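# Close look at the chain arrangement
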Amino acid sequence: MASGIVAGSAMSTITLKSHRKAARVTSSGLKLTRRGRFLLLGLPLMLLAVAALVLVGIVTSSAQAATGTTGAGATQVTVQAGESIWSIAAANSSNRDPRDVVAEIVQLNDLKTSVLQPGQQIFVPTH
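Residues numbered from 1 in each chain as written. Predicted model: local features only at pLDDT ≥ 70, side-chain atom pairs only at ≥ 80, totals over all residues. Heavy atoms only, no water.

To continue, consider the overall build of the protein. Looking only at helices and strands, the protein has 3 helices and 4 strands in total. Mapped from its N terminus to its C terminus, the protein presents α and β elements in the order β-β-α-β-α-α-β. In the protein, which comprises 127 residues, the share counted as buried stands at 16%. Within the protein, residue pairs in contact and separated by at least 24 positions form 53% of the contacts whose partners lie at least 6 positions apart. Just so you have it, the protein exposes about 10300 Å², and 62% of that area is on carbon and sulfur atoms. (Helix = DSSP H or I, 4+ residues; strand = E, 2+ residues; numbered from the N terminus. Buried < 20%, exposed > 50% of the residue type's maximum accessible area, 1.4 Å probe, protein only. Contact = heavy atoms within 4.5 Å. Areas by Shrake-Rupley, 256 points an atom, 1.4 Å probe, with all protein chains shown as cover.)

Now the structure itself:
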């Protein structure tokens, strides 16, 4: 704190100086703190990386599901004229509920519809 008397005047002038640093202003008008730089640059980059990982996961998961559907517990059957998923499931499930076998046939063959074509080859669970 400094005080001084102006010459030729009966009043005194007091000048106060703040001990705080003045905010730095750059040509853009704003200086970012470390946290601000992280939020402005780091957070969007992390979100972009997460989105890329999710996209890679989606693309590769469908390929794995398609290749891993047939196992040792299934046999390949050729569909005859007039056969349905239900009739094939009932014929190939001696002691199981045909509804469960139908669900497994749909899953094993990734069927989008219940309509089968004569000559179509499908996998039927054997257990």
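After that view, the rundown keeps rolling.
Let's shift gears to the side chain of Asn109. Counting through the fold element by element, Asn109 comes out in helix H3 (residues 98-109). A polar side-chain atom of Asn109 sits 2.8 Å from the main-chain carbonyl oxygen of Ile105. Sequence-distant contacts of Asn109, defined by excluding residues within four places in its chain, comprise Ile122 and Phe123. (Polar contact = N/O pair within 3.5 Å; in protein donor to acceptor, adjacent residues only side chain to side chain.)

Val77, Val79, Ile85, Ile88, Ala89, Val101, Val102, Ile105, Leu111, Leu116, Ile122 and Val124 form the largest nonpolar core, which has 12 residues in total. Contact partners of Val124, with chain neighbours within four places excluded, come to Gly73, Ala74, Thr75, Val77, Ile88, Asn92, Ile105 and Leu108. (Core = buried A, V, L, I, M, F, W, Y, C linked by side-chain atoms within 4.5 Å.)

What follows deals with H3. For H3, with 12 residues, the first-to-last C-alpha span of 16 Å sits near the 16 Å given by 1.5 Å per residue. Among the residues making up H3, those that are buried are Pro98, Val101, Val102, Glu104, Ile105, Leu108 and Asn109. Along the axis of H3, the buried positions cluster into a sector of 165°, meaning they face one direction only. Exposed side of H3, more than 90 degrees from the buried face: Arg99 and Gln107 are the residues found there. Looking at the buried positions of H3, the neighbouring elements they touch are strand S3 (74-78), helix H2 (85-91) and strand S4 (121-125). (Expected span 1.5 Å × (residues − 1). Arc of directions from axis to C-beta.)

Here the focus is a nonpolar patch on the surface. On the surface, a cluster of nonpolar side chains totalling about 480 Å² of accessible area is made up of Phe38, Leu39, Leu43, Met46 and Leu47. Here Met46 shows up in helix H1 (residues 34-67). Among the residues examined, Met46 registers a relative accessible area of 44% and is labelled partly exposed. (Patch = residues over 30% accessible without salt bridge, like charges linked within 9 Å, V, L, I, M, F, W, Y side chains within 5 Å. Salt bridge = Lys/Arg side-chain N within 4 Å of Asp/Glu carboxyl O.)

As a further point, take the confidence of the model for the protein. Taken over all residues, the pLDDT of the protein has a mean of 76, while the share at 70 or more is 69%. The low-confidence segment residues 1-6 (pLDDT under 50) makes 11 contacts with residues lying over four places distant or belonging to another chain. Counted against residues more than four places away or in other chains, residues 63-70, with its pLDDT under 50, gives 3 contacts. (pLDDT = per-residue confidence, 0-100.)

Per the stated rule, a full pass over the model turns up 3 salt bridges. Between Asp97 and Arg99 there is a salt bridge, with the nearest N and O atoms lying 2.9 Å from each other. By relative accessible area, which is 28% here, Asp97 ends up partly exposed. In this structure, Lys112 and Asp110 form a salt bridge, with 3.0 Å as the shortest nitrogen-oxygen distance.

Note: most peptide bonds trans; most residues except glycine with negative phi. The phi dihedral of Asp110 falls on the positive side, at around 50°, and the residue is not glycine. Looking at the element boundaries, Asp110 is found in the loop between H3 and S4.

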